[in-house]
Amino acid sequence: MGDDDNKVTSEEIGASPAVTFNLSECTIDAQERAALAIDVAYVQWRADFRRTVIAAGVLNRPWRSVFEADMMFSIVAHRWLAERPITHKELATYFEIFVTEATVSRHLDDMEESGMIVRQTDPDDRRRIFLLPTRRLETIGHGYLQARIRLMRENGFVWVGRNEAASDLA
């Protein structure tokens, strides 16, 4: 079964009535419920973590939007780990549908001020600015990722490795 087999189409979303229904009618299976439980547990963990970071004095003020910040950190770190650092402009395109580039810039200013990222001008094109993680972000990232892994395990998800997972999908 490929990933496309489970995609919900815009037609299906449009055809679904916006009315409440009985729990007995719910079609969300056990695996999907576990994924939802992970999201809920993560929101609670993230709220606790935010209070810890603020109390530790890492931030002069709370993030403007903790979820936007988390997404930005994740994208910056993922692209850096893939050895393809993301630029400011590229990052802004991920968020253009719900925030302005100015809002992304303010988030990045906060992140840079708190020592989570650095901006580095591309030596080949001085108009491009790469966003790179710092050691502080890596340290915080370990806590964040370990919590996510723990929450996933508590809900039945098991890491089988990239090669095994790919062969299961084939």
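This structure is a prediction, so every number in the text was calculated from the model and none was measured.

Chemist: Kindly report on the packing of aromatic side chains, identifying the contributing residues and their values.
Modeler: One pass over the full model with this rule turns up four aromatic pairs. Relative to Tyr144, the ring of Tyr42 lies with its centre 5.8 Å away and its plane at 85°, an arrangement referred to as edge-to-face. In this pair, Tyr42 sits in helix H2 (residues 30-55) while Tyr144 sits in helix H6 (residues 135-154), placing the two residues 102 residues apart along the sequence. One aromatic cluster in this structure is built from Tyr42, Trp45 and Tyr144. Directly above the aromatic system of Tyr42 lies the positively charged group of Arg148, at a separation of 4.3 Å from the ring centroid.

Chemist: How would you explain the nonpolar core if you had to name every residue and give the values?
Modeler: Counting 25 residues, the largest nonpolar core has Leu91, Val104, Met111 and Ile117 as its most contacted members. At the level of elements, H2, helix H3 (66-81), helix H4 (88-95), helix H5 (101-113) and H6 are the ones that each hand at least two residues to this core. Considering each element in turn, this core owes the most residues, five residues, to H3. Apart from residues no more than four positions distant in its own chain, Ile117 is found in contact with Phe73, Val76, Leu108, Met111, Glu112, Leu131, Leu132, Pro133, Thr134 and Leu137.

Chemist: For a nonpolar patch on the surface, give the residues involved together with the corresponding values.
Modeler: Taken together, Val43, Phe67, Met71, Ile97 and Phe98 make up a surface patch of nonpolar side chains, about 520 Å² in accessible area. Within the fold, Phe98 resides in the loop between H4 and H5. Assessed through its relative accessible area of 45%, Phe98 is described here as partly exposed.

Chemist: Please give an account of the sheet that holds strand E1 (residues 86-87) that cites residues and values.
Modeler: Spatial strand order, E1-E3-E2: three strands in an open sheet with antiparallel pairing. Strand pairing shows two members of the sheet lacking a second neighbour, E1 and strand E2 (117-122), which therefore form its edges. In terms of strand pairing, E2 meets strand E3 (residues 125-133) through six bridges, oriented antiparallel. By the bridge assignment for E3, Arg119 is matched with Leu131. The strands touched by H5 within the sheet are E2 and E3, with E2 carrying the most contacts at an inclination of about 115°.

Chemist: Describe the environment of Ala47, with residues and values.
Modeler: Positionally, Ala47 belongs in helix H2. Along the primary structure Ala47 and Val66 are separated by 19 residues, whereas in three dimensions their C-alpha atoms are 8.7 Å apart.

What counts, and at which threshold
- Residues numbered from 1 in each chain as written.
- Predicted model: local features only at pLDDT ≥ 70, side-chain atom pairs only at ≥ 80, totals over all residues.
- Heavy atoms only, no water.
- Phe/Tyr/Trp six-rings, centres within 6.5 Å; stacked < 30°, edge-to-face > 60°.
- Helix = DSSP H or I, 4+ residues; strand = E, 2+ residues; numbered from the N terminus.
- Lys NZ or Arg CZ within 6 Å of the ring centre and 35° of its normal.
- Core = buried A, V, L, I, M, F, W, Y, C linked by side-chain atoms within 4.5 Å.
- Buried < 20%, exposed > 50% of the residue type's maximum accessible area, 1.4 Å probe, protein only.
- Contact = heavy atoms within 4.5 Å.
- Patch = residues over 30% accessible without salt bridge, like charges linked within 9 Å, V, L, I, M, F, W, Y side chains within 5 Å.
- Areas by Shrake-Rupley, 256 points an atom, 1.4 Å probe, with all protein chains shown as cover.
- Salt bridge = Lys/Arg side-chain N within 4 Å of Asp/Glu carboxyl O.
- Pairing = 2+ DSSP bridges.
- Axes fitted to C-alpha atoms, helices over the stretch in contact; angles between N-to-C directions.

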